[in-house]
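# Descriptive structure summary
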Amino acid sequence: MKILKKLGLLLLVVFLIAQFFGPEKNDGAIATVDAFFADTNPPEDVKMILKTACIDCHSDSTRYPWYNSITPVNYWLADHIDHGKGHFNVSKWNDYSDKKKDHKLDELIEMVEVKEMPLPSYTWTHGDANLSQEQIDAVTSWAKTVRLKYAFLKEPQ
């Protein structure tokens, strides 16, 4: 029993010390998404869905919940954000070629239609990001329309 108390105390001390360390935050300006919105021109309802369900992990601007201050949760969130931005970063929209923009929108449609996005781990704590079928239809319809624009602009293959 004595060894368990020492081990528990050691774990508590490590946990407390770990609270002073954390990953770099993704706290860029929300204005970095303006080019994406200007180029894709989503209707207001779709824009709100994107802001609620997508922008936190797929841009350079994240609104962090209170529990992001707790290590190791903050590392887990940072990993999700890094992966999200690695797949699709609307803050880098102007850096994408027309072909890549078309492809990213195609992936968005697929992931939203099969309900892989937003991630369940995100919707657990962000209930307003849990999309209804009507919202899914609105987002995918908008994205399909925007894809038509890039079909004409694509660079030769």
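Fair warning: this is a prediction, and the values are worked out from it, not measured in the lab.

Looking now at the state of the cysteines. Counting across every chain of the model gives zero disulfides. Cys54 forms no disulfide, and the closest cysteine sulfur to it belongs to Cys57, at a distance of 9.2 Å. The buried category is assigned to Cys57, whose relative accessible area is 19%.

Now for the packing of aromatic side chains. As enumerated under the stated definition, the model contains seven aromatic pairs in all. Ring plane angle 85 degrees and centroid distance 4.9 Å describe the contact between Phe36 and Trp93, whose orientation is recorded as edge-to-face. A residue pair is termed long-range when its members are at least 10 positions apart, and Phe36 in helix α2 (residues 34–40) and Trp93 in the loop between α4 (73–87) and α5 (98–113) qualify at 57 residues. With relative accessibility at 1%, the residue Phe36 sits in the buried group. Note on Trp93: relative accessible area 0%, which makes it buried. Ring geometry for Phe36 and Trp142: centres 6.1 Å apart, planes at 80 degrees, overall edge-to-face. Taken together, the residues span a long stretch of sequence, with Phe36 in helix α2 and Trp142 in helix α7 (residues 133–153) at a distance of 106 residues. Judged by relative accessible area, Trp142 falls into the buried class, the value being 7%. Pairwise contacts between aromatic rings join Phe36, Phe37, Phe88, Trp93, Tyr96, Trp142 and Tyr150 into one cluster.

One number sums up the size of the largest pocket: a volume of about 460 Å³. If you trace the largest pocket, you find 20 residues lining it, with His58, Gly84, His87, Met111 and Met117 closest to the centre. Going through the elements one at a time, α4 and α5 are the ones with two or more residues in the lining of the largest pocket. Taken as a whole, the second largest pocket spans an internal volume of roughly 190 Å³. Contributing to the lining of the second largest pocket are 17 residues, with Cys57, Tyr67, Leu77, Tyr122 and His126 lying nearest its centre. Broken down by secondary-structure element, the contributors of at least two residues to the lining of the second largest pocket are α4 and α6 (120–123).

With that out of the way, let us pick up the nonpolar core. One finds Phe36, Leu50, Phe88, Trp93, Leu105 and Trp142 to be the most contacted residues of the largest nonpolar core, which totals 28 residues. Only α2, α3 (44–53), α5 and α7 provide two or more residues apiece to this core. When neighbours within four sequence positions are excluded, Trp142 is seen to be in contact with Phe36, Thr40, Asn41, Pro42, Pro43, Val46, Leu50 and Leu105.

Here Gln19 is to be found in the loop between α1 (2–18) and α2. For Gln19 and Leu119, which are 100 residues apart along the polypeptide, the C-alpha to C-alpha distance reads 26 Å. Contacts of Gln19, omitting those with residues within four sequence positions, involve Ser69, Ile70 and Thr71.

The rules behind each value
- Residues numbered from 1 in each chain as written.
- Predicted model: local features only at pLDDT ≥ 70, side-chain atom pairs only at ≥ 80, totals over all residues.
- Heavy atoms only, no water.
- Disulfide = S-S within 2.5 Å.
- Buried < 20%, exposed > 50% of the residue type's maximum accessible area, 1.4 Å probe, protein only.
- Phe/Tyr/Trp six-rings, centres within 6.5 Å; stacked < 30°, edge-to-face > 60°.
- Helix = DSSP H or I, 4+ residues; strand = E, 2+ residues; numbered from the N terminus.
- 1 Å grid on protein atoms, 1.4 Å probe; cavity = no way out; pocket = protein on both sides within 12 Å on 5 of 7 lines; lining within 4 Å.
- Points joined across faces, edges and corners; volume = space filled by probe spheres on them.
- Core = buried A, V, L, I, M, F, W, Y, C linked by side-chain atoms within 4.5 Å.
- Contact = heavy atoms within 4.5 Å.

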